[in-house]
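Letter by letter, the chains look like this.
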Amino acid sequence: MWPIPPGALRVRPLPRETAASYLTRLAAAYHLTAAQLLDGLHITATGTSPAPPATEIHLSTEAARRLSDFTRIPPAHLARALARQPPPASIGMAHAALARWQPVQPAVQPLPACTACTIRHSPHQAAPAWIHPAPNSPRVMICTRHQQAASDPRQRTPLDIRSVPELAHARLTARRPPTASSLSWSTTITTRWYDHHQHLHIRWHTPLRQLTTANPHLASGPASPTLTCRALITYPETLTLATALDRLPPHPLTRTEQTAFLHQLASRLQLPRLAPADHDLLWQRLHAR
């Protein structure tokens, strides 16, 4: 097989962009479909290829090399940039140029990337891009530079968050990512508080109203903004709670220590007091030693 000539246009991947998203944007720059681009690179593709974020594409080593040659992006850099799952054994171990489209479950689908950042990584007006959230962070995408964010793949475009400055502030002031365990607990706890109108629900009404006002297209989406914006609205408190949980000692807390922890947490959450009920998941976390 003769070498694949490099393409004339430079289309760079976004950090943590999915391979399917990048391939779709790359093809769009040449006014091609992803299937046509793969065929032009002599890569044999299997599976259905609906638009991201519902699918991901897995490339064999040879297919990734051809994509690297065409884009003029070194293979190591391309591999770091594209957030991809390990390919199936039949693809990863193949010596031929193979690709396979596979569906992605809704719970782990990527989020729409900042449109301004996407345009900077494309030669002309860019096709939509899809990225995965950063590791050990809430499932949201926040671009503090361009004030855009997303928290649900059903949001086909990122949201304007200029009216909710606390979101960008929380992103900028996060000193270090929480541990996976504390993040999982805090996300579950704040989600329960949000769904059951507990503790912070009155405060959360304001950012929800601000987001829906600044993004009128939310009303015509496939799901209620109350649901699709939940992770974004609770983002600052989720980070605060995860940080507090990371500071818990490894031994069981005494009653006095539990009271002190709740008092300090209420202060960090800017609440006058925090008195969770016995069935509150926060109590379960304090007793799960």
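The preceding data block contains the structure.
Report follows, based on the coordinates. Owing to the predicted nature of the structure, the values given are computational and were not obtained by experimental measurement.

### A look at the packing of aromatic side chains
Argument step 1. Per the stated rule, a full pass over the model turns up two aromatic pairs.
Argument step 2. Judged by centre distance (5.4 Å) and plane angle (50 degrees), the rings of Y30 and F70 are tilted. Taken together, the residues Y30 in the loop between helix 1 (19-29) and helix 2 (34-40) and F70 in helix 3 (residues 61-71) connect sequence positions 40 residues apart.
Argument step 3. For the pair Y194 and W204, a centre-to-centre distance of 5.7 Å together with 45 degrees between the ring planes defines the contact as tilted.

### Things to note about the pairing of strand 3 (residues 98-103)
Argument step 1. Note that strand 1 (residues 44-46) and strand 3 share three bridges and pair parallel. Note on strand 3: the bridge partner recorded for T46 is R100.
Argument step 2. Pairing geometry for strand 2 (residues 55-59) and strand 3, over five bridges, is antiparallel. Bridge pairing in strand 3 places I57 opposite W101.

### Considering the sheet that holds strand 6 (residues 141-143)
Across a sheet, strands are paired by hydrogen bonds formed along the backbone, either parallel or antiparallel in direction.
Argument step 1. Taken together, three strands build an open sheet; the order of strands is 6-7-8 and the sheet is antiparallel. Both outer strands of the open sheet, strand 6 and strand 8 (159-160), are each paired with one neighbouring strand and no more.
Argument step 2. As paired strands, strand 6 and strand 7 (residues 148-150) are joined by three bridges and run antiparallel to one another. Across the sheet, I142 pairs through a bridge with A149, a residue of strand 7.

### Side note on the packing of helix 8 (residues 180-195) against helix 12 (residues 235-246)
Argument step 1. Between helix 8 and helix 12, whose axes approach to 8 Å, the crossing angle comes to 135 degrees. In terms of axis orientation, helix 8 runs oblique to helix 12. For helix 8 against helix 12, the interelement crossing comes out right-handed. Judged by residue contacts, S182, L183, W185, S186, T187, I189 and T190 of helix 8 engage E237, T238, L241, A242, L245 and D246 from helix 12.
Argument step 2. When its residues are assigned to classes, the contact of helix 8 with helix 12 shows six nonpolar, five polar and two charged.

### So, the side chain of T228
Argument step 1. Relative to the helices and strands, T228 is located in helix 10 (residues 225-228).
Argument step 2. Exposure remark for T228: the relative accessible area of 4% places this residue in the buried category.
Argument step 3. T228 has contacts with S151, D152, R154, Q155, L218 and A223, leaving out every residue within four places of it along the chain.

### Section: the nonpolar core
Argument step 1. Ranked by size, the top nonpolar core spans 37 residues in total, and within it I142, L232, F261, L265 and L282 carry the most contacts.
Argument step 2. Those elements that place two or more of their residues in this core are helix 7 (165-173), helix 8, helix 9 (201-214), helix 11 (230-233), helix 12, helix 13 (255-268) and helix 14 (281-287).
Argument step 3. Per-element tally for this core: the top contributor is helix 12, with five residues.
Argument step 4. With residues near it in sequence (within four places) discarded, L265 still touches L241, A244, L274 and L282.
Argument step 5. A20, Y22, L59 and A97 belong to the second-largest nonpolar core, a separate cluster that totals 24 residues.

### Some points on helix 8
Argument step 1. For helix 8, built from 16 residues, the straight-helix expectation of 22 Å at 1.5 Å per residue is met to within 8% by its first-to-last C-alpha distance of 22 Å.
Argument step 2. Within the sequence span of helix 8, burial applies to S182, L183, S186, I189, T190, W193 and Y194. Taken down its axis, helix 8 places every buried residue within 135 degrees of arc, on the same side.
Argument step 3. H197 occupies a position one or two residues after helix 8 and carries a positive phi of about 55 degrees.

How each quantity is defined
- Residues numbered from 1 in each chain as written.
- Predicted model: local features only at pLDDT ≥ 70, side-chain atom pairs only at ≥ 80, totals over all residues.
- Heavy atoms only, no water.
- Phe/Tyr/Trp six-rings, centres within 6.5 Å; stacked < 30°, edge-to-face > 60°.
- Helix = DSSP H or I, 4+ residues; strand = E, 2+ residues; numbered from the N terminus.
- Pairing = 2+ DSSP bridges.
- Axes fitted to C-alpha atoms, helices over the stretch in contact; angles between N-to-C directions.
- Parallel < 35°, antiparallel > 145°, perpendicular 65-115°, else oblique.
- Left-handed = near helix turned anticlockwise from the far one by under 90°.
- Contact = heavy atoms within 4.5 Å.
- Nonpolar A, V, L, I, M, F, W, Y, C, P; charged D, E, K, R; others polar.
- Buried < 20%, exposed > 50% of the residue type's maximum accessible area, 1.4 Å probe, protein only.
- Core = buried A, V, L, I, M, F, W, Y, C linked by side-chain atoms within 4.5 Å.
- Expected span 1.5 Å × (residues − 1).
- Arc of directions from axis to C-beta.

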